[in-house]
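# Structure assessment
Chain by chain, the residues run as shown.
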Amino acid sequence: MATLFKAPDRASVQAFVATLRGKAIRKGEDGYETARKVYNGMIDRKPWMIVRCAGVADVMHSVNFAREQGLTLAIRGGGHSVPGFGTCDDGLVLDLGAMKGVRVDPKQRTARFQTGCTWGDADHAAHAFGLATPGGVISTTGVSGLTLGGGFGHLTRRYGLSCDNVVSVDVVTADGQFLTASASENSDLFWALRGGGGNFGVVTSLEFKLHPVSVVYAGPVFYPVEKATDALRLYRDVMSRAPRELSVFFAFLIVPPGPPFPESLHMKTVCGVMCVYSGDLTKGETAVKPFLDFGPPVFSHVGPIPYPMVQGMFDPLLPPGLQHYWKADFVKEISDTFIVEYAKYGKQVPTVNSAIHIYPLGGAVSDVGRSDTAFAWRDAGFVHIIAAVSSDASVMPKYRDWVRDFWTALHPCCAGGTYVNFLMEEGEERITASYQENYQRLAKIKQKYDPSNLFHVNQNIKPAP
Ligand SMILES: Cc1cc2nc3c(=O)[nH]c(=O)nc-3n(C[C@H](O)[C@H](O)[C@H](O)COP(=O)(O)OP(=O)(O)OC[C@H]3O[C@@H](n4cnc5c(N)ncnc54)[C@H](O)[C@@H]3O)c2cc1C
């Protein structure tokens, strides 16, 4: 039976709000309806209060208040969690979105990002110095949530996961303490924060290594959907011997009705690849050539382009507020059976906003040992995601069934676990499968830093008994 929510008493609330520099918004107050919303329009939760934190002090006060008052606490970085972990019913939401401080150190090639930064903010700041660090493929995703779960994108095969590039982390733990975690300080916490999600505290900033990446050779290549099986085989072959500089994701998609796509393709279902070569541009031309030679393509738009533009390329297709239903799995190797099932269901991609993608891992991801960070799936060659996305809530039950059928057909060809950041609320077994043998160690670290499981609105790791 659901327990009735009891708000803290008035005097405690007044005292708490007086400690804040940021804004506290409660039900019924101006801005509440906007402030309670997260990226996935399917999520409709009503927190008791949302605190738009102005800085670390607000985070410390809020963590202490939530713990003392026994409030459910949800942490929001970029708000992109598809299961909606950036909000909750009744409890307190810490919205870090206003904490956008950035400091790039071009000499050391590092940058510290506060955890309200999106990848758009991070890429923009680093690009001014001809530098970048691996982030996600949509610029509005939060640096913090993505990195805490692992994080991959176009630079990952070359430079590793986002979490592999983290040098140090500032974090407020469940007891309200401010700690720095790095290889030399609170190293157990540092290990857990690189893949273990938001289980261990509220991260207030992350320091990253940066790499010289400025203009990349990149763009999409589309093929008729009838060529899907051969295109998938080509993708498998090219990626099996691709240099680390080359990252290519495979997709089924409905062509958006606008430029740069020719009108003859608007709203047509195609398959294709999105190529990004982050090394020498002339070598990039050679690296993507097999994809241009195949088909022939019905559309291609590949060439030199500033890295932040690639990062923002798909943003218009995925504005906030759409309905999202996702399922995903790691894939060790793309088998013939996988290709058959993928081609069969992929052709049924339901909407122009949906993402039916296979992302490549390997390369630098596999240089790191399975137990060197909390992110365990170092031997996965790929991660596939089936994301049905629509503005129309009424069609979602149908699309959800299709996602499940598609995923079920592929699952026997997959590695047996998934990427935590692509999980919806799928139960404890799927969470433990995401961490494999690292789960027990994570549970022990959780016991040390958050024994009462204050941070449980996430892919939850239970404190070890
Ligand atoms: C359109 C889209 C594109 C995506 N593309 C990629 C991609 O290319 N690569 C990839 O790896 N992932 C990708 N993802 C998945 C993404 O990594 C997760 O959705 C991630 O949780 C988003 O982080 P956020 O900060 O935006 O989300 P939020 O909803 O703000 O946070 C998600 C969860 O992370 C934790 N968290 C966030 N910030 C903090 C913090 N400062 N301290 C403690 N805990 C925190 C909390 O548990 C929170 O509930 C994508 C997601 C979407 C919706």
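Below is a summary of the structure that appears in this document. (Residues numbered from 1 in each chain as written. Predicted model: local features only at pLDDT ≥ 70, side-chain atom pairs only at ≥ 80, totals over all residues.)

Taken in spatial order, the four strands line up as E1-E2-E4-E3 in an open sheet, and their pairing is mixed. Of all strands in the sheet, those bounded by a partner on one side alone are strand E1 (23-26) and strand E3 (73-76). Averaged over all pairs of adjacent strands, the angle between their axes in this sheet comes to 20°, without regard to strand direction. As defined by bridge partners, E1 adjoins strand E2 (residues 49-52) across four bridges and the pair is classed as antiparallel. The residue bridging Arg 26 from the neighbouring strand is Met 49, located in E2. In the packing of helix H3 (residues 56-69) onto the sheet, contacts are made with E2, E3 and strand E4 (92-95), and the angle to E4 comes to roughly 165°. (Pairing = 2+ DSSP bridges. Helix = DSSP H or I, 4+ residues; strand = E, 2+ residues; numbered from the N terminus. Axes fitted to C-alpha atoms, helices over the stretch in contact; angles between N-to-C directions. Contact = placed C-beta atoms within 7 Å.)

The next subject is unusual backbone geometry. Backbone torsion omega between Pro 259 and Pro 260 reads 10°, so that peptide bond is classified as cis. Within the secondary structure layout, Pro 260 lies in the loop between strand E13 (246-254) and strand E14 (269-277). For Arg 109, which is not a glycine, the phi torsion comes out positive at approximately 55°. Within the element layout of this structure, Arg 109 appears in the loop between strand E5 (102-105) and strand E6 (110-114). Among the residues examined, Arg 109 registers 16 C-beta atoms within 10 Å and is labelled partly exposed. (Buried ≥ 20, exposed ≤ 12 C-beta atoms within 10 Å, placed from the backbone.)

Inspection of the region around the ligand gives 34 residues, with Gly 77, Gly 78, Gly 142, Gly 145 and Gly 198 positioned closest. Listing elements by their share of the shell around the ligand, those giving two or more residues are E3, helix H5 (143-149) and strand E10 (202-209). Element by element, the count of residues in the shell around the ligand is highest for H5, at five residues. Split by domain, the residues of the shell around the ligand number at least three in each of domain 1 (11-95) and domain 2 (102-212 + 436-449). (Near = placed C-beta within 6 Å. Domains from an automatic or database assignment.)

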